[in-house]
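These are the residues of each chain, in order.
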Amino acid sequence: MKAVQRLFKCVLRPRVSVYLLVSILGITALACEEADRSSNAANGESETEVMLDQGPSTEAFVAPATKPAQWRCSYSNPFSLAAECKAYTDTDWTEAEARADCEAGQYEEAGTFESGNCDLSPILGYCDVAPYIGDDYRLFLGGDNPDLCNVSGRACVVNLKGEFLPSEQCVDRYSPPEMNMSTSSVFEWPTLSCQAPPEGEQSGQSENGEVCTWNLISGCTEAGRDYYEYGSCDTVYTNRPYYPVPGLPAGDESDPRYSDETYQQESNWVKEQVKACACVCCHDDRAPRGPSTWSVDAGPLWVNTMSDTAVAMFAGYIDSSSLGAFMPEENNGFDRIQSAMPTTDVQRMLAFFQAEFDRRNIDPAWAENVRPIGGPLVTQRDYQPEACATGIGVNREGVINWGSEQGVRYLYILEEDANNPGIPPNFDLPEKTLWRIDIPSDQDPLASGTVRYGEKPSQSIQVFPETQAPQALEEGQQYYLYVMRDVAIPVERCVFTY
Ligand code: HEC
């Protein structure tokens, strides 16, 4: 029998350095609500198998034809944090239109408008977009880390419905996404499932010998057990998109590690740790349509399926703290605050990946310069709110307005200088929150102008304060309004005077 308890709050003690990861695209796609989360296996052969059957791509790189453009817009991509340039390639663009488009910003921030075509180097590729409404353009996706080829190329194809033309450094590293991507579901709030182990298995460490497991991408069951058995991958698939991506080749017997017992013992221990955690929902061969890049089931040298960026992150060189983590005591002892890969033995985990880092001869100077993983989560964490436009905020009647047609699922009123709310489990309830209500994924979101401060709508859950009414707002004081359409998708965030 599964008992389910909703995660109400998680203590915030960010000691932070490095840990967990979800790739940038995961977050990109999460932010853009575009991705395939279907969990039907159905169609047999995974992309990985197809790729291994065919061997590496033999297609020669053909430099895409240059496309003339009279104007360009330069900015940095908030997901990859790399330089990006938009070339106004369509002859229908007028200077005024192109300038206005650049000032409106390709993402959130305005770009720098100049005449002449983009000339960005190094680049991962071009993204040619022919929108249904509006004129064609080409994005130059900057960057020199080929580990980001898939992420960037897929963001082009999936989010912008563009055509991605990989540069030379990406041509062998890019695999196009499957095109039957359905629109995504809503982020399911984490729940804790407790159940007795099946007969014959050792009893669990929670009350009455049960095993308790968080249903969240950062959750782990007890070490030595299987997350598929005790956690809910279906919930985890709502936390970030799942789709199969071929990993790097796994290697064979010619590699001495293949039959090195000491190495195999460590590698199997890492694999066992992964199997206990939600990562396994997408990173072993049971993932519905095959694993997402690396797979712990890829044989004795499974670690080869990971990119250098992944290895550098797990070895502790790249910060991914914006992605959130449980305290180990709430997560069956698994720590991902000090290790990007959740683990019950931080030193042992870091040592395994440091050895792999050294074996691959990865340059530490390079690794330390890879920007923090988390894309928009990093940007949202560091966001500096401005004053609300007139009419936005809580008015004298207590009515909350965010000046947008968009419905929201997460509504916060915070003290003016509170931190920005982030993702669960450890960033979603910043100190100085005055009132927070959530709308569960099976209920309709809230519309602007329909909620009064402190009056909980019936379909909502008041997360803070847990029981009482919130502290009254004081006339003339400033407060921070933060509303999100879904986890990590803010609709409005600004400071208003009550
Ligand atoms: C719901 C599915 C899902 C879950 C759960 C998940 N990932 Fe992933 N992960 C992906 C996908 C999809 C990609 C590939 C992104 C791309 O390249 O398009 C990926 C890529 C990665 C990469 C980059 C791999 C590389 O070789 O560059 C790392 C590292 C990673 N995941 C770590 C983790 C860890 C650690 C966990 C558990 C805490 C985890 N993932 C849980 C779906 C998932």
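Note that the coordinates shown come from a computational prediction; the quantities given were computed from them, not determined experimentally.

What counts, and at which threshold
- Residues numbered from 1 in each chain as written.
- Predicted model: local features only at pLDDT ≥ 70, side-chain atom pairs only at ≥ 80, totals over all residues.
- Helix = DSSP H or I, 4+ residues; strand = E, 2+ residues; numbered from the N terminus.
- Buried ≥ 20, exposed ≤ 12 C-beta atoms within 10 Å, placed from the backbone.
- Pairing = 2+ DSSP bridges.
- Core = buried A, V, L, I, M, F, W, Y, C linked by C-beta atoms within 7 Å.
- Domains from an automatic or database assignment.
- Contact = placed C-beta atoms within 7 Å.
- Expected span 1.5 Å × (residues − 1).
- Arc of directions from axis to C-beta.

A. Expanded view of the environment of P376. Note on placement: P376 falls in helix α12 (residues 376–381). The exposure class assigned to P376 is buried, which follows from the 23 C-beta atoms found within 10 Å. Sequence separation between P376 and S322 is 54 residues; the distance between their C-alpha atoms is 9.3 Å.

B. Just the pairing of strand β17 (residues 478–486), in detail. The buried fraction of β17 amounts to seven of the nine residues, a majority that puts the element mostly inside the structure. As judged from the six bridges shared by strand β13 (residues 410–415) and β17, these two strands associate in the antiparallel manner. Bridging from a neighbouring strand, Y410 pairs with M484 of β17.

C. Spatial organisation of the nonpolar core. Grouped together as the largest cluster of nonpolar side chains are 83 residues, with contacts concentrated most on C277, A278, L411, L481 and V483. Sort the elements by how many residues they give to this core and β17 lands first, with six residues. Counting contributing residues, this core receives three or more from each of domain 1 (3–30 + 182–376) and domain 3 (384–497). Ignoring sequence-local partners within four residues, the contact set of L411 consists of I400, R436, I437, L446, V451 and V483. In this structure, C85, C118, I123 and Y174 belong to the second largest nonpolar core, which totals 29 residues.

D. Molecular detail of helix α4 (residues 149–159). With nine of its eleven residues buried, α4 lies for the most part within the structure. Of the positions making up α4, those classed as buried are C149, N150, V151, S152, G153, R154, A155, C156 and V158.

E. Looking closely at helix α10 (residues 346–359). With 14 residues, α10 should cover 20 Å at 1.5 Å per step; its first-to-last C-alpha distance of 20 Å lies within 8% of that length. Those residues of α10 not exposed but buried are M349, L350, F352, F353, E356 and F357. Summarising the axial view, the buried residues of α10 lie within an arc of 155°, below the 170-degree limit, and thus occupy one face. Among the exposed residues of α10, those oriented more than 90 degrees off its buried face are Q347, D358 and R359. Lining the buried residues of α10 we find α7 (261–275) and α9 (308–314).

All we've got here are geometric facts, nothing functional implied.
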